[in-house]
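# Notes for the structure review
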Amino acid sequence: MRPSPHHIPTTASSTAFSTPSPAIATAINTATRSLHTELNRLIIARLPLALPPHTTSPLLYSIGISAFAQVYTAFESAWLLVNEEEEHTPQLNENLRHALENLLDSRIQRSAILEQDISCLLQLITQCHGSDAANTIASWRKSEILQEYLFHISAAISARPHVIVAYAWVMYMALFSGGRWIRMVLKDAGSEFWEGRGFEAHKQTALTGFTFLTFTGSHDGEDTKAAFKQQLAVVEEVLGVQEKQDIVDEARYIFQKSIDLVHELDDLAVTVMSKLETTSLPNLSATKVEQQHRIVRESLKIEKIKHSTLSTQALQLLLAIAVFVAMLVVVDVAKRNMMMHSGMIGFG
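### Looking at the nonpolar core
Ranked by internal contacts, the top residues of the largest apolar core, which has 71 residues, are F75, W79, I153, I157, Y172, F212 and V235. Apart from the residues within four sequence positions on either side, V235 is in contact with L96, A99, L100, L103 and V165. Grouped together as the second largest cluster of nonpolar side chains are 5 residues, L59, I63, I125 and A133 included.

Structural data, given as structure tokens:
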């Protein structure tokens, strides 16, 4: 049975690795709750249409995930720079520098794995749809809001290295809290979706494209998650009051920028996808196109996009890829909303 996109099931942590969340993490969760809810609303409207039977190609997923990967690359690269080149951050005291360095566990870093996933996807997409499709992905990677976000990440971490904690908690804990569910949904799309119909050359890389959601070891990341929380508690001990406030403020920025990215995708969809030839995506029947047009009009409420001018490709992008830009940041929102009724708030 296909996992329901309208319900994000809770995933209990292994008792052997159960670790309470530090106070700074709880402060972030509390401060970002309303933004979390807003992103959840946007995502739930799109998630059901991101995978088969509404689309038969991972092209749309690839466009979204390529932008999402750049966020990981930006903050992990800035983090490594803080750790390796002390002259760039003389304002950072040695105790905090050492704690932040230990927080960046090699097992948790995602940049290289994401780039490998994207490389595999681009090879498949080029063979399935041609080079125009790959060029479309490159166009999205240069979007104005995304570039502004990436610049901010670098500048913020350089000026206030302690805000690394905001990126680490929001981005990594999203993988642990919602990543397993996303992995299950993506895998359920089937090998044909991820390998490409008739492209035997890709059989040896079956279901690549989302390996970044898997952690090494026999505990599916639970041991890595526990170690991360324990080290974050060490970081918290050497943070000052203003530094903690900076971290909470930066977490709000992360969620707000994710919302902005979703809206940019809505506005950018027609422009970006119009660059592709009609044959670059699988054809849809007129009935299916009309059904999806109605969903756009009624669910997303984007009035300026008219039925007469919306291309099949743009429609598919509009309905699908926004979820993958912000999904991992906020996919546990539905879970948290359910937990609220039981008096429990926070990430796994």
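Further notes follow.
### Thoughts on unusual backbone geometry
Phi angles above zero are rare outside glycine, and D220 is one such case at about 55 degrees. Take D220: it is sitting in the loop between α9 (191-195) and α10 (222-237).

### Things to note about the side chain of R110
Position of R110 relative to the elements: it lies in the loop between α4 (94-103) and α5 (111-129). In this structure R110 is buried but unpaired, with E76 as the nearest side chain of opposite charge at 5.9 Å. Residues in contact with R110, not counting those within four places in the same chain, are Y72, E76, Y172, L175, T211, F212, T214 and F215.

### A word on helix α8 (residues 164-188)
The end-to-end C-alpha separation of α8 is 34 Å, in line with the 36 Å expected for 25 residues at 1.5 Å each. A maximum bend of about 55 degrees is found in α8 at G178. Buried residues dominate α8, accounting for 22 of its 25 residues. One or two positions beyond α8, positive phi appears at G190, with a value near 100 degrees.

### A look at the confidence of the model for the protein
Overall, the predicted model of the protein reaches an average pLDDT of 74, with 64% of residues at or above 70. Every residue in residues 277-348 is under pLDDT 50, and counting partners more than four places away or in other chains gives 172 contacts.

### A short note on the environment of R183
Within the secondary structure layout, R183 lies in helix α8. For R183, a relative accessible area of 19% translates into the label buried.

### Notes on the packing of aromatic side chains
The relation between two aromatic rings is expressed through the spacing of the ring centres and the mutual angle of the planes. Taken as a whole and assessed by the stated rule, the structure comprises 15 aromatic pairs. Judged by centre distance (4.9 Å) and plane angle (75 degrees), the ring pair of F68 and Y72 falls under edge-to-face. Within this pair, F68 and its partner Y72 are both found in helix α3 (residues 59-84), separated by 4 residues, close to a single helical turn. The class of F68 is buried, set by a relative accessible area of 1%. Judged by its relative accessible area of 1%, Y72 is buried. A centroid spacing of 5.7 Å and a plane angle of 50 degrees characterise the contact between F68 and F212, whose relative ring orientation is tilted. With F68 in helix α3 and F212 in the loop between α9 and α10, the pair connects residues that are 144 residues apart, well separated along the chain. Among the residues examined, F212 registers a relative accessible area of 2% and is labelled buried. Ring pairing ties together the aromatic residues F68, Y72, F75, W79, Y167, W169, Y172, F212 and F228, which thus form one cluster. Against the face of F215 rests R110, its NZ or CZ located 4.1 Å from the ring centre.

### A look at a negative patch on the surface
Where like charges cluster on the molecular surface, the negative patch consists of E84, E86, E87 and E101. Mapping E87 onto the fold places it in the loop between α3 and α4. For E87, a relative accessible area of 59% translates into the label exposed.

About the cut-offs
- Per chain, residues are indexed from 1 in the order of the written sequence.
- Reporting in this predicted model follows two pLDDT cut-offs: at least 70 for local features of residues, and 80 or more for side-chain atom pairs to be given and counted; totals over whole chains, interfaces and linings ignore these cut-offs and use all residues.
- Side-chain measures here rest on the full set of heavy atoms in the structure, leaving out hydrogens and waters.
- For the purposes of this section, nonpolar cores are sets of buried Ala, Val, Leu, Ile, Met, Phe, Trp, Tyr and Cys residues that join through side-chain atoms within 4.5 Å.
- Any residue under 20% of the maximum accessible area for its type is buried, any over 50% is exposed, and the rest in between are partly exposed; the area is computed with a 1.4 Å probe on protein chains only.
- Residue contacts are defined here by distance: any two heavy atoms, one from each residue, within 4.5 Å place the two residues in contact.
- Secondary structure follows DSSP: runs of H or I at least 4 residues long count as helices, runs of E at least 2 residues long count as strands, and numbering of each begins at the N terminus.
- We score Asp and Glu as negative and Lys and Arg as positive, and we do not count His or the chain ends.
- Counted as salt bridges are all cases of a side-chain nitrogen of Lys or Arg within 4 Å of a carboxyl oxygen of Asp or Glu.
- Take the number of residues in a helix, subtract one, and multiply by 1.5 Å to get its expected span.
- Throughout, the bend at a residue refers to the angle made by two axes, fitted to the seven residues ending there and to the seven starting there.
- As a per-residue measure, pLDDT tells how confident the predictor is, with possible values from 0 to 100.
- Classification of ring pairs uses Phe, Tyr and Trp, with its six-membered ring standing for Trp, and accepts pairs whose centres are within 6.5 Å; under 30 degrees between planes counts as stacked, over 60 as edge-to-face, and the remaining range as tilted.
- Here, a charge over a ring means that NZ of Lys or CZ of Arg falls within 6 Å of the ring centre while also lying within 35 degrees of the ring normal.
- Residues enter patches when they are more than 30% accessible in relative terms and free of salt bridges; like-charged ones are connected within 9 Å and nonpolar ones (Val, Leu, Ile, Met, Phe, Trp, Tyr) within 5 Å.
- For accessible areas, the Shrake-Rupley method is used with a probe of radius 1.4 Å. Any residue's cover is judged against the shown protein chains and nothing else.
- The location of each charge is read from NZ of Lys, CZ of Arg, CG of Asp or CD of Glu.

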